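# Structure assessment
The chain contents come next:
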Amino acid sequence: MTRTDGTRGSALRRPLLSLAATAAVLAVWQASGALGWIGPNLLPTPTEVLTTAAELAETGYRQVPLWEHVAVSLARAMAAFLAAIATGVPLGLVMGVSPTASALLDPFVQFLRPLPKLALIPLVIVWFGIGEFSKFFLIYLATFLSVVAGAAAAVASVGRDRLRAAEVLGVNRWQMFRHVLLPSTLPDLFTSVRLAIGIGWTTLIAAEMVAATSGLGWMVVNAGAYLRTDVVLLGIVLLGLFGYLLDLAVVGLRKRVVPWMGRE
Amino acid sequence: MDGSGVIAPPRAKIRVESVVKTYAADRAAARTTALQDVSLHLGEGELVCLLGPSGCGKSTVLNLIAGFERPEFGAVTVDGRPVERPGPDRAVVFQQPQLFPWLSVLDNVTFGPRMAGVPPARYREDAERYLRLVGLTGFERHAPYELSGGMRQRVALARAWIANPAVLLMDEPFAALDAQTRLTMQELLLDLRRATGTTILFVTHDIDEALFLADRVLVMTARPGRIKAEVAVPRAAVRDFDNLFDAPAMAQRRHDLIALVREEARKAAP
Ligand SMILES: Nc1ncnc2c1ncn2[C@@H]1O[C@H](COP(=O)(O)OP(=O)(O)OP(=O)(O)O)[C@@H](O)[C@H]1O
Ligand SMILES: [Mg+2]
């Protein structure tokens, strides 16, 4: 990590610092329990959480194996994310391109988007019952609205001179959209998908409060009711971990698809 | 030497007649008058440089001819037809290269023909030729963000030229380049233009650049812009850039232009 070895050093520096910070927090957390600063029921230590993880992996939580809780939550979230991106990106782009579409739809998007999705749970149950679809719908809605707003904004931020440069090269309206506008919005689209997935993942716990019997969100809420703070913490760690992995996946994909981001 | 005294010859390729252009200002009630009764013309195959202090309306003139903007009063015509929208008959090179970063150098250069549905066999040779002329052979597969600023601008020049436009509009295209690259680009521009006879309007701040390139130099007043003076360049006296002002006729014109531009620059920024 010397100065002369600048690129390699700085490439390693970041993960090492992150790792060190994580290790430090874990150590303090562990010490707080081991030294009796905080009672084990208030904050189980990392090793206790690990033990619980091993236990649940073997025997499951409420008759459901731990991996299934993870898989169920991931499946719900991924289905909702994919549907939200597949519908939200085109709609947002149309709103970005067409002032009429924007004028018609923007009030609804902007009204619904900041609404806490928890408030919708009673209605969603009345409409769709307590099945899978209700949970899907809540995550979908949160992600979708965020993607729509982001995609519309992405169109608006495409530089005027880039569009002019394309115009003088003789593109027609469709070519302008397909070959200039769409690729130009990719960096911002990735950013808004990234944010939207963060929001959607947060909605997971709300969605799984709708009479679920499995899933990480449900596990946390259920364990809380029985004061199983170790399971609650395990659930939180897993929710955070998979949220983080999802984000890494999106960033990785972005690096492949939009290698020019930030390098123009 | 007054702008209104300029009479367009019958064979004018581009005519700008008594144009007024104002812009709304977001934070002020009054509109900004960018152009106040501007008239100019470019003959077929002429290379005219537009010179003037910052903010005097040079880009506005170019944008009107390109069709990006419409005048409030007056007329802008190319080949006698009013300009209504941008089109591939009027290529533009901007101060920033404005390449498409998701396309390779080659795909950027061939963007126009590809969008027009020209079969690859018909533009491939041209693309190779223009890339060679701008010194970028071997960089066809590179991405724009892997090139230096000067290389990017050379790609932009090849991209503008490949469509064989009748008119080329250039807005301070070489201003961001280092002196050596700029000179290479200027020489390239003169070569290409000699070979193709393209009509070129070239906006610049740089008096030496204007004299090296232009058949005629138009000097604008400070905002609101008008044409203040017209200086014809004796092209026979122009040889290489290093000895540009050896000829007394050229030295005299440089002297005149410096005086004209200084006077307006003082008005623009007192
Ligand atoms: N899009 C715009 N909106 C509002 N005002 C504008 C706009 N473009 C230009 N102007 C105004 O018009 C005037 C002329 O602008 P223009 O860009 O043509 O100047 P310029 O001669 O090209 O300057 P520079 O040499 O700095 O590029 C400016 O003083 C500016 O106030
Ligand atoms: Mg300008």
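The following refers to the structure shown.

Reading guide: rules and limits
- Residues numbered from 1 in each chain as written.
- Chains lettered and ligands numbered in written order.
- Predicted model: local features only at pLDDT ≥ 70, side-chain atom pairs only at ≥ 80, totals over all residues.
- Heavy atoms only, no water.
- Helix = DSSP H or I, 4+ residues; strand = E, 2+ residues; numbered from the N terminus.
- Contact = heavy atoms within 4.5 Å.
- Areas by Shrake-Rupley, 256 points an atom, 1.4 Å probe, with all protein chains shown as cover.
- Lys, Arg positive; Asp, Glu negative; His and termini not counted.
- Charge placed at Lys NZ, Arg CZ, Asp CG, Glu CD.
- Polar contact = N/O pair within 3.5 Å; in protein donor to acceptor, adjacent residues only side chain to side chain.
- Near = heavy atom within 4 Å.
- Nonpolar A, V, L, I, M, F, W, Y, C, P; charged D, E, K, R; others polar.
- Pairing = 2+ DSSP bridges.
- Axes fitted to C-alpha atoms, helices over the stretch in contact; angles between N-to-C directions.
- Buried area = accessible area lost by both parts, 1.4 Å probe.
- Salt bridge = Lys/Arg side-chain N within 4 Å of Asp/Glu carboxyl O.
- 1 Å grid on protein atoms, 1.4 Å probe; cavity = no way out; pocket = protein on both sides within 12 Å on 5 of 7 lines; lining within 4 Å.
- Points joined across faces, edges and corners; volume = space filled by probe spheres on them.

So, on to the overall build of chain A. Within chain A, the regular secondary structure consists of ten helices and zero strands. The N-to-C order of helical and strand elements in chain A reads α-α-α-α-α-α-α-α-α-α. Over its C-alpha atoms, taken along the principal directions, chain A stretches across nearly 70 × 65 × 30 Å. For chain A, the share of sequence-separated contacts (at least 6 apart) that also reach a separation of at least 24 residues comes to 73%. Surface exposure of chain A reaches about 14500 Å², of which carbon and sulfur atoms provide 69%. Separation between the mean location of the 20 positive side-chain charges and that of the 14 negative ones in chain A comes to 9 Å.

Turning next to the side chain of glutamine 98 of chain B. Residue placement: glutamine 98 of chain B occurs in the loop between β6 (90-93) and α2 (105-109). A polar side-chain atom of glutamine 98 of chain B sits 3.4 Å from the main-chain amide nitrogen of arginine 162 of chain A. Residues in contact with glutamine 98 of chain B, not counting those within four places in the same chain, are Asp161, Arg162 and Ala165 of chain A together with Arg159 of chain B.

With that settled, the discussion passes to the site of ligand 1. The local shell around ligand 1 holds 15 residues, among which Ser54, Gly55, Lys58, Ser59 and Thr60 of chain B are the closest. Each of chains A and B places residues next to ligand 1. Contacts to ligand 1 include serine 59 of chain B, whose side-chain N or O atom sits 2.7 Å from an oxygen atom. The side chain of arginine 223 of chain B places a nitrogen or oxygen atom 3.2 Å from an oxygen atom of ligand 1. When ligand 1 sits alone it has 620 Å² of accessible area, and the protein chains cover 68% of it. Those elements that place two or more of their residues in the shell around ligand 1 are β2 (32-43) and α1 (58-66) of chain B. When residues of the shell around ligand 1 are assigned to their parent elements, the largest contribution, three residues, is made by α1 of chain B. Residue composition of the shell around ligand 1, grouped by class: four nonpolar, seven polar and four charged.

Moving on, we come to the sheet that holds strand β10 (residues 227-232) of chain B. Residue and element names in this part refer to chain B. Strands sit in the order β6-β7-β8-β3-β9-β10 across an open sheet of six strands; the sheet is mixed. Both edges of this open sheet fall to β6 and β10, since each of them pairs with a single strand only. Across the sheet, the axes of successive neighbouring strands diverge by a mean angle of 15 degrees, strand direction being ignored. Pairing analysis gives five bridges linking strand β7 (residues 167-171) to strand β8 (residues 199-204), with the strands arranged parallel. Counterpart to leucine 169 in the pairing with β8 is leucine 201. Packing against the sheet, helix α5 (residues 149-161) makes contact with β6, β7 and β8, and its axis sits at approximately 180 degrees to β6.

What follows covers unusual backbone geometry. Each neighbour pair has its own omega, and for arginine 223 of chain B with proline 224 of chain B the value is -5 degrees, a cis peptide bond. Within the secondary structure layout, proline 224 of chain B lies in the loop between β9 (216-220) and β10. The phi dihedral of arginine 62 of chain A is positive, around 50 degrees, even though this residue is not glycine. Relative to the assigned elements, arginine 62 of chain A resides in the loop between α2 (46-59) and α3 (66-97).

The interface is formed by 20 residues belonging to chain B together with 19 residues belonging to chain A. Here chain B meets chain A over a buried area of about 1900 Å², counting both sides, of which 68% is carbon and sulfur. For the chain B face of the interface with chain A, the top three residues by lost area are Trp102, Met115 and Tyr145 of chain B, together amounting to 35%. Joining chain B to chain A, the criterion identifies one salt bridge. Connecting chain B to chain A are three residue pairs in polar contact (both at pLDDT 80 or more). Of all the elements in the fold, those that place two or more residues in the side of chain B that touches chain A are β6, α3 (111-115) and α5 of chain B. Per element, the largest residue contribution to the side of chain B that touches chain A is three residues, and it comes from α3 of chain B. Split into classes, the residues belonging to the side of chain B that touches chain A amount to twelve nonpolar, four polar and four charged.

Bringing empty space enclosed by the protein into the picture now. With the rule as written, the count across this model stands at one cavity of 30 Å³ or more. Its boundaries defined by the atoms lining it, the largest cavity holds a volume of some 100 Å³. Residue lining of the largest cavity: 14 residues in total, with Val168 and Leu169 of chain A together with Ala91, Val92 and Ala160 of chain B positioned closest to the centre. Of all the secondary structure elements, the ones that give two or more residues to the lining of the largest cavity are α7 (160-168) of chain A together with β6 and α5 of chain B.

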